[in-house]
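What follows is each chain in one-letter form.
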Amino acid sequence: MQKYSVFSLIKNAFSNHQNWEVAWKDPTPKSEYDVVIIGGGGHGLATAYYLAKEHNIRNVAIIEKGWIGGGNVGRNTTIIRSNFMYDANARFNEFGMDLWRNLSQELNFNVMFSPRGIINLAHSDAQMNAYARRGNSMRLNGIDAKLLDREEVKKLIPMADFSDEVRFPIFGGLMQPSAGTARHDAVAWGYARQADDMGVDIIQHCEVTGFDVVNGKIKGIRTSRGDIKTKKVGLCVAGSTNILAEKLNMTLPIETHVLQACVSEPVKPLLDGVVTFGAGHFYISQSDKGEMVMGGDLDGYNSYAQRGNLPTIQHVLTGGLALFPFLSRLKMLRTWGGIMDMSMDGSPIIDKTHIEGLYLNCGWCYGGFKSTPVSGWTFAHTIAQDQVHELNSELRLNRFSTGHLLDEKGLGTKTWIG
Amino acid sequence: MLYIKCPYCGLRAQKEFSYGGDATVKRPNINEEVSSEDWDNFVYMRKSPRGKHIELWQHIAGCRQWIKVQRDTATHEIFQTAKVTEEIR
């Protein structure tokens, strides 16, 4: 594989950049693979990469209905954080933070990981207490957390509304300085390029139409480009999880909803980190291009449409305006939607299933992008070793029936409220 | 914007309603022995189909009645609405 560097850039400049190697091939599916990963998004690509790299399983296919990086990995707001209170979520995502920190070097692809910090704002004493508790839990798990008072927040985001008349005054906030953002497409492309180089077949425009399950064991899958034999199948299909589960006669604790995001026109740098509003559901960061990247609530009803409705955008931005009045002067550049696999407790599932050889990776709710590396890493381990790793030992499917929920937000089973 | 025909009030904007989830899920009968699996299915397990979906909505900023709506989850088209005591087929 051609290594990307300043020297290769200069060398290729002499031939007008016409002679770069393709970053990944476009293979025809073989009749049999050791492992088939369904879903060529961030998590599927990362899983295939770590299967090859950590477990030396290279006869792997990624089956993608559309094109790689065309789903949620290209639709998210690129926030990376590990500011969780529960041990299982905190450990899992902090391991992921370590992978993020080294990812550009590891993949030889600049994923533009930029640890610029995240601030969750508090708007009452009770919320400050809750954040102090969460911050302490984070620190016990080795994650950096800083409780900020009103003045400290004002130094960091002076453009927020600190006037006396506001309905939800800023009391302070909880900051994770090591959190940040990355370039989402680069994550998909970086993993794809390395996985392809190690022998993984990335098969795009290929739809899974069915599964061959004999005596409770996976024997293969049926696709729009022919049948493929395999003993191990990993599902990494996020918003399409319920559709494939139906083909397997499985019912899951997952509901599929549409989540919208939007960006404004680009403006000069004014916000260097990620900020979340604590009195509504609204988060904002500024991209390297200068656009304000914003998101918030789900549309609030089951949906497979990768688009939403305007009332939700209006509702989310009402929260945004309450926090940052300057937003009212900006034009909206575009809005878009992605479909979320909303789990019933708000935490993901990475596990084996009752079908031998079928592995499940789903339930990412709002926050799949930040977990892309660690999700792939633990899912690869689960598939290769046929057992869960310690890091995903609490992200099991049976936690709903046993009552060991990871209800980080304590919102219950109304996924559309969360 | 979705427009939902409330069986009591007529066609109204989505903003007047709040969502209540899958209307086909049945709560286990209260005076009978209920297995953990039945509870699990009732509380957590959802089909979440792509296509026609029968769901509950409440006309929260109107008559405050719960209603049933049959809607396509892929296109957002609404086919039928009914009172919560009525069946949608």
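Residues numbered from 1 in each chain as written. Chains lettered and ligands numbered in written order. Predicted model: local features only at pLDDT ≥ 70, side-chain atom pairs only at ≥ 80, totals over all residues.

K.L.:
Can you help me understand the overall build of chain B in this one?
P.N.:
Scanning chain B from N- to C-terminus turns up one helix and six strands. Ordering the α and β elements of chain B from the N terminus gives β-β-β-α-β-β-β. With respect to the three principal axes, the spread of C-alpha positions in chain B is 40 × 30 × 20 Å. Residues classed as buried in chain B amount to 17% of the 89 residues present. In chain B, 48% of the contacts between residues at least 6 apart in sequence involve partners at least 24 apart. (Helix = DSSP H or I, 4+ residues; strand = E, 2+ residues; numbered from the N terminus. Buried ≥ 20, exposed ≤ 12 C-beta atoms within 10 Å, placed from the backbone. Contact = placed C-beta atoms within 7 Å.)

K.L.:
So what exactly am I meant to see when it comes to the packing of helix α3 (residues 87-101) of chain A against helix α10 (residues 372-385) of chain A here?
P.N.:
Two numbers describe a pair of packed helices, the interaxial angle and the distance between the axes. Residues and elements named next belong to chain A. Direction vectors running N to C along α3 and α10 enclose 105°, while the axes themselves pass 7 Å from each other. Compared by their axis directions, α3 and α10 come out roughly perpendicular. Taking contact as the criterion, the partners of F92, N93, F95, G96, L99 and W100 in α3 are, on α10, P373, V374 and W377. When grouped by side-chain class, the residues that make up the contact of α3 with α10 number seven nonpolar, two polar and no charged. (Axes fitted to C-alpha atoms, helices over the stretch in contact; angles between N-to-C directions. Parallel < 35°, antiparallel > 145°, perpendicular 65-115°, else oblique. Nonpolar A, V, L, I, M, F, W, Y, C, P; charged D, E, K, R; others polar.)

K.L.:
Just checking my understanding: could you explain the nonpolar core for this structure?
P.N.:
Proteins that are soluble and globular tend to have nonpolar side chains buried together. Ranked by size, the top nonpolar core spans 113 residues in total, and within it V36(A), I38(A), L45(A), A48(A) and V60(A) carry the most contacts. Top contributing element to this core by residue count: helix α2 (residues 42-55) of chain A, with seven residues. Each of domain 1 (6-109 + 183-253 + 351-402) and domain 2 (118-176 + 256-343) of chain A gives at least three residues to this core. Apart from residues lying up to four places away in sequence, V60(A) is in contact with Y33(A), D34(A), V35(A), I37(A), A48(A), L51(A), A52(A) and V200(A). Counting residues in hydrophobic clusters, the runner-up holds eight residues, among them C6(B), W57(B), I67(B) and V69(B). (Core = buried A, V, L, I, M, F, W, Y, C linked by C-beta atoms within 7 Å. Domains from an automatic or database assignment.)

K.L.:
What's the story with the domain arrangement of chain A in this structure? I'm lost.
P.N.:
How big an interface is tends to be stated in terms of the accessible area lost upon association of its parts. Residues and elements named next belong to chain A. Segmenting chain A into domains produces domain 1 (6-109 + 183-253 + 351-402) and domain 2 (118-176 + 256-343). With centres defined by C-alpha atoms, the gap from domain 1 to domain 2 works out at 29 Å. Between domain 1 and domain 2, the contact holds 23 residues from the first and 26 residues from the second. When contributions to the side of domain 1 that touches domain 2 are tallied by element, the ones reaching two or more residues are α3 and α8 (241-247). If you tally residues by element for the side of domain 1 that touches domain 2, the top one is α3, at four residues.

K.L.:
How should the interface of chain A and chain B be read in this particular structure?
P.N.:
Counting residues at the interface gives 23 residues for chain A and 21 residues for chain B. If you list the elements that add at least two residues to the side of chain A that touches chain B, you get α8, β13 (254-264), β16 (292-302), α9 (310-323) and α11 (399-402) of chain A.

K.L.:
Would you explain the pairing of strand β14 (residues 274-277) of chain A in this entry?
P.N.:
All names here are of chain A. Of the two faces of β14, both are covered, the one formed by V274 and T276 as well as the one formed by V275 and F277. The pairing of strand β4 (residues 118-122) with β14 spans three bridges and is classified as parallel. Bridging across to β14, I119 finds its partner in V275. Sheet analysis places β14 next to strand β15 (residues 282-286), joined by three bridges and oriented antiparallel. Counted as the bridge partner of V275 is I284 from β15. In this antiparallel pair of consecutive strands, β14 and β15, the connection spans four residues. (Pairing = 2+ DSSP bridges.)

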